[in-house]
2 protein chains.
Amino acid sequence: MSEEPKPRRRQARGERRIAQLLQAAASVFCANGYTASSTNAIAREAHVSPGTLYQYFPNKEAIAIELGERLLHQMREAHGQAFTPENLALPLPGLLDAVVDPLIEFNCANPAFLALMHGSEVPGRIAEEHDELHATLLTRVQEVIAHYAPALPAEDRLRTAGMAFAAFKGGLDLVLAAPEGAERDATIAELKTLLLRYLSPLVESPSVESHSVESHSVESPVTTTPSR
Amino acid sequence: MSEEPKPRRRQARGERRIAQLLQAAASVFCANGYTASSTNAIAREAHVSPGTLYQYFPNKEAIAIELGERLLHQMREAHGQAFTPENLALPLPGLLDAVVDPLIEFNCANPAFLALMHGSEVPGRIAEEHDELHATLLTRVQEVIAHYAPALPAEDRLRTAGMAFAAFKGGLDLVLAAPEGAERDATIAELKTLLLRYLSPLVESPSVESHSVESHSVESPVTTTPSR
DNA sequence: GGCAAACACGAGTGATCACTCGCGTTTCAC
DNA sequence: GTGAAACGCGAGTGATCACTCGTGTTTGCC
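On a predicted model such as this, the values are computed, not experimentally measured, just so you know.

Peer 1: Looking at this structure, I do not really get the side chain of B:Arg184. What am I missing?
Peer 2: Residue and element names in this part refer to chain B. Assignment of secondary structure puts Arg184 in helix 10 (residues 182-199). Among the polar contacts made by the side chain of Arg184, one reaches the main-chain carbonyl oxygen of Val175 at a distance of 3.2 Å. Setting aside its immediate chain neighbours within four residues, Arg184 contacts Cys108, Val175, Leu176, Ala178 and Pro179.

Peer 1: Please clarify how the nonpolar core should be interpreted in this entry.
Peer 2: Most often, soluble globular proteins have nonpolar side chains that are buried together. Grouped together as the largest cluster of nonpolar side chains are 131 residues, with contacts concentrated most on A:Phe29, A:Phe168, B:Phe29 and B:Phe168. Dropping the residues within four chain positions of it, B:Phe168 is found in contact with B:Val100, B:Leu103, B:Ile104, B:Leu191 and B:Leu195.

Peer 1: What should I look at first to understand the relation of the copies chain A and chain B in this one?
Peer 2: What connects the two chain copies is a rotation about an axis and a shift along it. Rotating chain A by 180° and moving it 0.0 Å along the rotation axis overlays it on chain B with an RMSD of 0.1 Å. The symmetry that links the two subunits is that of a two-fold axis. A high fraction, 94%, of the interface residues of chain A reappear at the interface in chain B, so the copies pair face to face through one surface.

Peer 1: Could you clarify how one ought to interpret the protein's contact with DNA strand D in this entry?
Peer 2: Residues in contact with DNA strand D amount to 23 residues; listed here are only the nearest, A:Thr52, A:Tyr56, B:Thr39, B:Tyr54 and B:Lys60. The protein-proximal atoms of DNA strand D, defined as those within 4 Å of the protein, are 74% sugar or phosphate. With respect to DNA strand D, the side chain of A:Thr52 contributes an N or O atom lying 2.9 Å from a phosphate oxygen. The dominant element in the surface near DNA strand D, judged by the number of residues it contributes, is helix 3 (residues 50-56) of chain A, at four residues. Looking at the surface near DNA strand D, its residues break down into three nonpolar, 13 polar and seven charged.

Peer 1: It is not clear to me how the interface of chain A and chain B should be interpreted in this structure. Could you clarify?
Peer 2: Listed per partner, the contact involves 31 residues of chain A and 33 residues of chain B. Counting each side, the surface lost to burial between chain A and chain B is near 2,900 Å², with a carbon and sulfur contribution of 66%. Three residues, A:Met163, A:Glu190 and A:Arg197, lead the burial of chain A against chain B; their summed loss comes to 25% of the area buried on that side. Taken together, chain A and chain B are joined by zero salt bridges. Inspection of the region where chain A meets chain B yields five residue pairs in polar contact (both at pLDDT 80 or more). If you list the elements that add at least two residues to the side of chain A that touches chain B, you get helix 9 (154-177) and helix 10 (182-199) of chain A. At 10 residues, helix 9 of chain A tops the list of elements feeding residues into the side of chain A that touches chain B. By residue class, the composition of the side of chain A that touches chain B is 14 nonpolar, 11 polar and six charged.

Peer 1: Got a minute to help me understand the protein's contact with DNA strand C in this structure?
Peer 2: Close contacts around DNA strand C come from 23 residues, with A:Thr39, A:Lys60, B:Arg17, B:Thr52 and B:Tyr56 the closest. Taking all atoms of DNA strand C within 4 Å of the protein, the share assigned to sugar and phosphate is 74%. B:Thr52 is positioned such that a nitrogen or oxygen atom in its side chain is 3.0 Å from a phosphate oxygen of DNA strand C. A distance of 2.8 Å separates a phosphate oxygen of DNA strand C from a polar atom in the side chain of B:Tyr56. Secondary-structure elements contributing two or more residues to the surface near DNA strand C are helix 2 (39-45) and helix 3 of chain A together with helix 1 (12-32) and helix 3 (50-56) of chain B. For the surface near DNA strand C, the leading source of residues is helix 3 of chain B, giving four residues. Looking at the surface near DNA strand C residue by residue, the class counts come to three nonpolar, 13 polar and seven charged.

Peer 1: Whenever I open this one, the packing of aromatic side chains confuses me. Can you help?
Peer 2: Each pair of aromatic rings is reported with the distance of its centres and the angle of its planes. Summed over the entire model, instances satisfying the criterion amount to six aromatic pairs over all chains. When the ring centre of A:Phe165 is taken as reference, the NZ or CZ atom of A:Lys169 above it lies at 5.2 Å.

Peer 1: Would you mind showing me how to read the environment of B:Ala109 here?
Peer 2: Tracing the sequence through the fold places B:Ala109 in helix 6 (residues 92-109). Note: C-alpha distance between B:Ala109 and B:Leu176 (67 residues apart in sequence) is 10.0 Å.

Peer 1: Just checking my understanding: could you explain unusual backbone geometry for this structure?
Peer 2: Most peptide bonds are trans, and most residues other than glycine sit at a negative phi. Residues and elements named next belong to chain A. The backbone phi angle of His47 is positive, close to 55°, even though this residue is not glycine. Among the structural elements, His47 can be located in the loop between helix 2 and helix 3. Using a relative accessible area of 69% as the deciding quantity, one classes His47 as exposed.

Peer 1: Quick question: what am I supposed to make of helix 8 (residues 124-148) of chain B here?
Peer 2: Within an α-helix, residues lying three or four positions from one another point in the same direction, as the helix has 3.6 residues per turn. Residue and element names in this part refer to chain B. Taking 1.5 Å of rise per residue, 25 residues should cover 36 Å, and helix 8 covers 36 Å from first to last C-alpha, within 8% of that figure. Among all positions of helix 8, only Ile126, Glu129, Leu133, Leu137, Leu138, Val141, Gln142, Val144, Ile145 and Tyr148 are buried. Tucked inside the fold, the buried residues of helix 8 contact helix 4 (60-82), helix 5 (85-88), helix 6, helix 7 (111-118), helix 9 (154-177) and helix 10.

The rules behind each value
- Residues numbered from 1 in each chain as written.
- Chains lettered and ligands numbered in written order.
- Predicted model: local features only at pLDDT ≥ 70, side-chain atom pairs only at ≥ 80, totals over all residues.
- Heavy atoms only, no water.
- Helix = DSSP H or I, 4+ residues; strand = E, 2+ residues; numbered from the N terminus.
- Polar contact = N/O pair within 3.5 Å; in protein donor to acceptor, adjacent residues only side chain to side chain.
- Contact = heavy atoms within 4.5 Å.
- Core = buried A, V, L, I, M, F, W, Y, C linked by side-chain atoms within 4.5 Å.
- Buried < 20%, exposed > 50% of the residue type's maximum accessible area, 1.4 Å probe, protein only.
- Least-squares fit on C-alpha atoms with pLDDT ≥ 70 in both.
- Near = heavy atom within 4 Å.
- Nonpolar A, V, L, I, M, F, W, Y, C, P; charged D, E, K, R; others polar.
- Buried area = accessible area lost by both parts, 1.4 Å probe.
- Salt bridge = Lys/Arg side-chain N within 4 Å of Asp/Glu carboxyl O.
- Phe/Tyr/Trp six-rings, centres within 6.5 Å; stacked < 30°, edge-to-face > 60°.
- Lys NZ or Arg CZ within 6 Å of the ring centre and 35° of its normal.
- Expected span 1.5 Å × (residues − 1).

This is the structure:
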């Protein structure tokens, strides 16, 4: 009944191979989707034989699960620093910068994440974990909305959070489709404008009418630890 | 060299079989995605032998293409009546109703459409046709925006149209995920609210606010050829 | 009624895929 | 140095899939 049926001692070489294989898998999954990707193709992309691949993963699904879990973990880190309490003190445009930018950046850097999470063809395990992350993010967004609009009924708050998140995901696709550079930056700015216009009417403040919409500061001086 | 290498006379029974097979294919593709769907599974869903299936379609891809084209055609009809000139005379909320409702309804009635269009695993032909439809819709949205905000520069108009469309797609996913009934209706209303709040500041009215909301001159206005 | 063609079947075929196995090589604790 | 274990290989294996074929049934036209 011990919980360690795998007392496998990994050498440093093995850890390197695993990382190499996961990177190759990310590339292949991203290009062809999970189902259409063959394990042989992943091994080839990693310049490794099929047998070597199966030394580190029991089957194809396990590759996707391990990759998905690593990406999920990174994603949680990214959104963890996005929803810090001090960001809540910011005015809405500043908060949007603080929340949107890290999430965008993560998805730009790891396109395999969306490819693995979005398909209806992924192994059930990934879908479950993704739902969990989704629920977590939704809760975070709800908390933010509750902070800015405490008078809003909970039901409306849930709907608003869901719609804001859905619109963000749609905009994210657009950002990822844009060539990186000026055009992508402009698309990101436009996405923030959309979210700002959607959420602005909810915040309770004396004279909110004549506020400038534009103020996306590139960075705020409250950054404590620069991300690795 | 004639253009009719297929002088195949179809009987009424054959047409019925084709419709039956396409409906089964829609169901199976929708549940499993294109790649993971087997032709045998489609034939089984249609209560037909594999041989019968291949009497009407030369290969698996042709099934998806025929289904995609039929859905695309219906979709064009739906959005054709969405963007009629008389709808342009409506105030913005009315226009949103007139445009959003038919598109939502179509996608609710034909969930296979998004399943077939969205995946990166679909045969190239479908992707091309989808891009075409996407471009058409974008142009329509641009025209609408141009009608409501004639002073907006073309570049901003394109960006705005793209973002509005992207947000709509995100909201559409949310609507489709909602159980039909009151909750779905509320989600649809919320989606319209989002689009209204995003687009409202663009319409020019007599006593408009002091300053234009838009001024993100993030880059110089030298637009070279935008990539395809 | 008779005939040709469309329709229907389902076992079969070749290709591909996930995965295995036997054997040789490298690493490391002692 | 030596032995055990981790690493690495690639041909091989069974299953599955897209697709075919030989044969029998139904339909429409004369």
